[in-house]
Amino acid sequence: MRSVPRWSLISSGCAPVLLIGGWTVAARLEGPAYDPVSQTISVLAAYGAAGFWVMTTALFALGVCHLVTAWGLRPAATAGRVALACGGVAAVAVALVPAPSSGGSLRHGSVAAVGFALLAAWPVLAARRESRAPWGLRPVPAVTATALMALGAAWYLFATQGHGPAGVAERFVTCLQAVWPFVVVASCLRRSGERETPRARARG
C-alpha cells in the first residue's frame, strides 16, 4: 500500500484549526449582536459582516487544505480522494460566493449543500477492505464517520427550520468533517511506522 507524505499531516491538521479559528475571530469582530448558538457560519462570511474577510479567508484556506490532503492521501480509494478534493473545491466556492447580508442565496446554499454531501460521503468512498489498511480507511470507522456526518447534516437542516440551535448543529458537522481527514492521515502514518519497525529490527 502506498505511503502518505508527512506534509499531509500539516494540511489535514490545519483544516480544523483554520475553520474554528476563523469563526472564533470573526464572531469576536461581529460583537454581541452575533449569536453562535442560533446563527450560522454563513452569517459571519456574509457581505458587510465585520468578520467577512476573516471567515472568507478561513473557508478558502480550508478548501485548499482538503485539496492538498486529498492529493497526499495515496492509500485511500480513488473515489474517496476525488470526493474529498471536490469537497475542498466546494469550500473554496462557498468562500467565493458568500451569502448576502440579509435573506437567503440559492447559489450559496446550493454550493454549501454540495460541499456537505461530498465531505460526508468521502470517508466511506475512501475505505479499503484489505486487512492491512490503516484504521481510518477500514470500513467500520469509515461508515461510522459518514453516518455521523449525515446525521449532523440532517440535524442542521432540521435546526434551520426553526427547530433547534442551527449554529451549534452546523459547527458540529463542519468540525467533524474538518477533523476526519486528519484522523485518516494520522492512522495512515502510524500504520506506515508499524510496518517500518519490523523491517528495521530485521536489518538490525
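Thresholds, definitions, all that
- The residue numbering used here restarts from 1 in each chain and proceeds along that chain's sequence as written.
- Only residues with pLDDT of at least 70 get local features here, since the model is predicted, and only at 80 or more are side-chain atom pairs given and counted; chain-wide, interface and lining totals rely on the full set of residues.
- Only hydrogens and water are set aside when side-chain values are computed; all heavy atoms of the structure are taken into account.
- Axis lines are fitted to C-alpha atoms, over the contacting stretch for helices. Their N-to-C directions set the angle, which ranges from 0 to 180 degrees.
- In this text, helices come from DSSP runs of H or I with a minimum length of four residues, and strands from runs of E with a minimum of two, each type numbered from the N-terminal end.
- The labels follow the angle: roughly parallel below 35 degrees, roughly antiparallel above 145, roughly perpendicular from 65 to 115, and oblique for the rest.
- Take the far helix as the reference: if the near one is turned anticlockwise from it by less than a right angle, the crossing is left-handed, and if turned clockwise, right-handed.
- The criterion used for residue contact is that any of the two residues' heavy atoms lie within 4.5 Å.
- Definition of nonpolar core: a set of buried residues of the types Ala, Val, Leu, Ile, Met, Phe, Trp, Tyr and Cys, connected through side-chain atoms within 4.5 Å.
- Think of it in three bands: with a 1.4 Å probe and only protein chains considered, a residue is buried below 20% of the maximum accessible area for its type, exposed above 50%, and partly exposed in between.
- Ring geometry is summarised as follows: Phe, Tyr and Trp rings, the Trp one being its six-membered ring, pair when their centres sit within 6.5 Å, and such pairs are stacked at plane angles under 30 degrees, edge-to-face over 60 and tilted between the two.
- Note on criteria: charge over ring means Lys NZ or Arg CZ within 6 Å of the ring centre, with the direction from the centre no more than 35 degrees off the ring normal.
- Whenever Lys or Arg places a side-chain nitrogen within 4 Å of a carboxyl oxygen from Asp or Glu, that contact is recorded as a salt bridge.
- By this rule the span expected of a helix is its residue count minus one, scaled by 1.5 Å.

Caption draft 1: Local environment of the packing of helix α4 (residues 78-96) against helix α5 (residues 106-126). Closest axis-to-axis distance for the α4/α5 pair is 8 Å, and the angle between their directions is 160°. Viewed along their axes, α4 and α5 adopt a mutual orientation that is roughly antiparallel. α5 is crossed by α4, and the crossing has left-handed handedness. Between α4 and α5, the residues in contact are Ala-79, Gly-80, Ala-83, Leu-84, Cys-86, Gly-87, Ala-90, Ala-93 and Val-94 and His-108, Val-111, Ala-112, Gly-115, Leu-118, Leu-119, Trp-122, Leu-125 and Ala-126, respectively.

Caption draft 2: The arrangement of the environment of Val-184 in detail. Position of Val-184 among the secondary structure elements: in helix α7 (residues 166-203). A sequence separation of 50 residues divides Val-184 from Pro-134, and the C-alpha atoms of the two residues are 7.8 Å apart. Setting aside residues up to four positions removed in sequence, Val-184 forms contacts with Leu-73, Trp-122, Gly-136 and Leu-137.

Caption draft 3: Quick look at the nonpolar core. Within the largest apolar cluster, 19 residues are counted, with the highest numbers of intra-cluster contacts made by Val-4, Leu-73, Trp-122, Leu-137, Trp-180, Val-184 and Cys-188. When residues of this core are traced back to their parent elements, those giving at least two are α4, α5, α6 (139-163) and α7. No other element matches α7, which puts 5 residues into this core. Ignoring any residue separated from it by four or fewer positions in sequence, one finds Trp-180 in contact with Trp-122, Pro-123, Trp-135, Gly-136, Pro-141, Ala-142, Ala-145 and Met-149. Ala-15, Ala-27, Met-55 and Ala-58 belong to the second largest nonpolar core, which has 18 residues in total.

Caption draft 4: A look at the packing of aromatic side chains. As enumerated under the stated definition, the model contains 5 aromatic pairs in all. Ring centres of Trp-7 and Trp-71 lie 5.4 Å apart, and the angle between their planes is 45°; on these two criteria the pair is classed as tilted. With Trp-7 in helix α1 (residues 7-30) and Trp-71 in helix α3 (residues 52-72), the pair connects residues that are 64 residues apart, well separated along the chain. For Arg-171, the ring lying beneath its charged end belongs to Trp-23, and the centroid distance is 5.1 Å.

Caption draft 5: Just the pattern of salt bridges, in detail. Considering all chains together, one arrives at 1 salt bridge under this definition. Between Arg-128 and Glu-130 there is a salt bridge whose closest N-O contact spans 3.4 Å.

Caption draft 6: Broad picture of α3. Between its terminal C-alpha atoms α3 stretches 31 Å, which fits the 30 Å expected from 21 residues at 1.5 Å a residue. Among the residues of α3, Val-54, Met-55, Thr-56, Ala-58, Leu-59, Leu-62, Gly-63, Cys-65, His-66, Thr-69, Ala-70 and Gly-72 are the ones counted as buried.

Don't take any of this as a statement about function, it's just geometry.
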